[in-house]
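Per-entry structural report
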Amino acid sequence: MHALKKNRPLRRIVLASAATVSGMVMLLSLKPHSSPAGAVAVPAPSSSSSASSGSSSSGGSNSSGGSSSSGGSSTSGTKTVTGNTIQTRWGPVQVKITLKGGKLTEVTAVQSPSDNPRDQEINSYALPRLRSEALQAQSANIDTVSGATYTSEGYRQSLQSALDSARG
């Protein structure tokens, strides 16, 4: 006799209930992408000897919270500025720019989400594209990289804050 024969409906009910409970346990045991500790604002490292840094925190996603440091060297009009730390859903994003004669010559990601291998994979292709676009556009008016929406938005905001500090 087969276990799920129609003359044994109670056995079918027990098996369906057990499958449902097992499915719910597996669903509830999934871990979120980031831990609550990841939502804490991280102070930016000082990247130039004459840089000053301050920090403030913000609990909202995609909001500016962190530090802005600017330091420039007077040799041949070269200025290096670090933008605000932008807290995104997956972690902080911060860029540092170099201007020579008012022209954007270098953009470097100081901070980017890197808590897990997936973040690292996304940033390995997104950050070079964002850098290239910023250098080509000479502004923060750059396209979002598909698959890296939050990182792109944080990069754009940090870049704009650095440009505002350098040119303002």
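Brief notes about the overall build of the chain
Helices and strands together make up the secondary structure of the chain, namely 3 helices and 6 strands. When the helices and strands of the chain are read in sequence order from the N terminus, they spell out α-β-β-β-β-β-β-α-α. Long-range contacts, defined here as pairs at least 24 residues apart, represent 41% of the contacts in the chain between residues at least 6 apart. Only carbon and sulfur atoms are counted for the fraction: they give 55% of the accessible area of the chain, which is about 10000 Å².

So, the pattern of salt bridges
Counted under the stated rule, the structure contains 3 salt bridges. With a closest N to O distance of 3.0 Å, Glu106 and Arg131 form a salt bridge. Of the two residues, Glu106 is situated in strand β6 (residues 103-111) and Arg131 in helix α2 (residues 117-137); the sequence distance between them amounts to 25 residues. For Glu106, a relative accessible area of 27% corresponds to the partly exposed category. Using a relative accessible area of 31% as the deciding quantity, one classes Arg131 as partly exposed.

Some words on a nonpolar patch on the surface
On the surface, Met24, Leu27, Leu28 and Leu30 cluster together to form a nonpolar patch covering roughly 460 Å² of accessible area. With respect to the secondary-structure elements, Met24 resides in helix α1 (residues 9-28). For Met24, a relative accessible area of 43% puts it in the partly exposed group.

Comments concerning the nonpolar core
The biggest cluster of nonpolar side chains holds 21 residues, and the ones touching the most others in it are Ile97, Leu104, Val107, Tyr155, Leu159 and Leu163. Elements represented by at least two residues in this core include exactly β5 (91-100), β6, α2 and α3 (149-167). When neighbours within four sequence positions are excluded, Leu159 is seen to be in contact with Val95, Ile97, Val107, Ala134, Ser139, Ala140 and Ile142.

With respect to α2
The first and last C-alpha atoms of α2 sit 30 Å apart over 21 residues, in line with the 30 Å expected at 1.5 Å per residue. The largest bend along α2 reaches roughly 30° and is located at Asn123. Among the residues of α2, Asp119, Ile122, Asn123, Ala126, Leu127, Leu130 and Ala134 are the ones counted as buried. The opening residue of α2, the one whose side-chain oxygen lies 2.9 Å from the backbone nitrogen of Arg118, is Asn116. Where α2 terminates, the next one or two residues include Gln138, which has phi positive at roughly 60°.

Reading guide: rules and limits
Residues numbered from 1 in each chain as written. Predicted model: local features only at pLDDT ≥ 70, side-chain atom pairs only at ≥ 80, totals over all residues. Heavy atoms only, no water. Helix = DSSP H or I, 4+ residues; strand = E, 2+ residues; numbered from the N terminus. Contact = heavy atoms within 4.5 Å. Areas by Shrake-Rupley, 256 points an atom, 1.4 Å probe, with all protein chains shown as cover. Salt bridge = Lys/Arg side-chain N within 4 Å of Asp/Glu carboxyl O. Buried < 20%, exposed > 50% of the residue type's maximum accessible area, 1.4 Å probe, protein only. Patch = residues over 30% accessible without salt bridge, like charges linked within 9 Å, V, L, I, M, F, W, Y side chains within 5 Å. Core = buried A, V, L, I, M, F, W, Y, C linked by side-chain atoms within 4.5 Å. Expected span 1.5 Å × (residues − 1). Bend = angle between axes of the 7 residues up to and from the residue. Polar contact = N/O pair within 3.5 Å; in protein donor to acceptor, adjacent residues only side chain to side chain.

Limitation: the analysis is restricted to geometry and does not speak to function.
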